[in-house]
Amino acid sequence: MTHTNAPTPIWRKSSRSSDPDLAVCVEVASIGSTRAIRDSKDPEGPRLSLSMDSWRTFMNAVKTDAFEA
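The rules we used
- Residues numbered from 1 in each chain as written.
- Predicted model: local features only at pLDDT ≥ 70, side-chain atom pairs only at ≥ 80, totals over all residues.
- Heavy atoms only, no water.
- Phe/Tyr/Trp six-rings, centres within 6.5 Å; stacked < 30°, edge-to-face > 60°.
- Helix = DSSP H or I, 4+ residues; strand = E, 2+ residues; numbered from the N terminus.
- Buried < 20%, exposed > 50% of the residue type's maximum accessible area, 1.4 Å probe, protein only.
- Salt bridge = Lys/Arg side-chain N within 4 Å of Asp/Glu carboxyl O.
- Pairing = 2+ DSSP bridges.

Asker: Mind laying out the packing of aromatic side chains, listing which residues take part and the relevant values?
Answerer: Applying the stated criterion across every chain yields a total of 2 aromatic pairs. Where Trp55 meets Phe58, the ring centres are 5.8 Å apart and the plane angle is 40 degrees; that geometry is what we call tilted. Placement of both Trp55 and Phe58 in helix 1 (residues 52–63) is noted, with a separation of 3 residues, approximately one turn of the helix. Considering the side-chain rings of Phe58 and Phe67, the 6.0 Å spacing of their centres and the 45 degrees angle between planes classify their relative orientation as tilted. Residue Phe58 is classed as partly exposed on the basis of its relative accessible area of 33%. Three or more aromatic residues joined by ring pairs make a cluster, and in this case those are Trp55, Phe58 and Phe67.

Right, dumping it as C-alpha cells:
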C-alpha cells in the first residue's frame with residue numbers, strides 16, 4: 001500500500017561518516033513518532049522503523065558500547 005500523503009523523510013547521516021573507505025554508514029530519518037534507519041549505500045533498500053522507546057533504548061546501547069564483543 002502506498003500512502004500519497006505520507007511525509008517525505010529527511011535522511012541524516014552522522015558527521016563521523018565522512019570516510020568513504022569505511023562504507024559502513026547508516027542514515028536516520030524522523031517519520032512522525034518513529035525513527036527509520038537505512039543503509040546509506042542502498043537508499044532504496046530495506047528500512048527499519050523503530051518506536052521512540054525502542055530508538056532511545058537502541059541509542060543508549062550504542063552510547064554504552066553494548067554491541068562490543
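Next comes the rest of the description.
Asker: Go over the pattern of salt bridges, please, and point to the residues and values.
Answerer: According to the stated counting rule, one finds 3 salt bridges in the structure shown. Arg38 serves as the salt-bridge partner of Glu27, at 2.6 Å between the closest nitrogen and oxygen. Taken together, the residues Glu27 in strand 2 (residues 26–31) and Arg38 in strand 3 (residues 34–39) connect sequence positions 11 residues apart. Side by side, Glu27 and Arg38 carry an identical accessibility label, which is buried. Of the charged contacts in the structure, one is a salt bridge between Lys41 and Asp39, with a shortest N-O distance of 3.1 Å. Using a relative accessible area of 30% as the deciding quantity, one classes Asp39 as partly exposed.

Asker: Kindly report on unusual backbone geometry, identifying the contributing residues and their values.
Answerer: Within the chain, Asp65 stands out as a residue other than glycine whose phi angle is a positive 60 degrees. Here Asp65 lies in the segment after helix 1.

Asker: Pulling in residues and values, what's your account of the pairing of strand 3?
Answerer: Note: strand 2 against strand 3, 6 bridges, orientation antiparallel. Across the sheet, the residue bridging to Val26 is Asp39, located in strand 3. Where strand 2 folds back onto strand 3 in an antiparallel hairpin, the turn is made up of 2 residues, including Gly32, whose phi is positive at roughly 60 degrees. Alignment of strand 3 against strand 4 (residues 47–51), held across 5 bridges, turns out to be antiparallel.

Asker: Pulling in residues and values, what's your account of the pairing of strand 2?
Answerer: Here 2 bridges tie strand 1 (residues 12–13) to strand 2, and the two strands are oriented antiparallel to one another. Following the sheet pairing, Lys13 is matched in strand 2 by Glu27.

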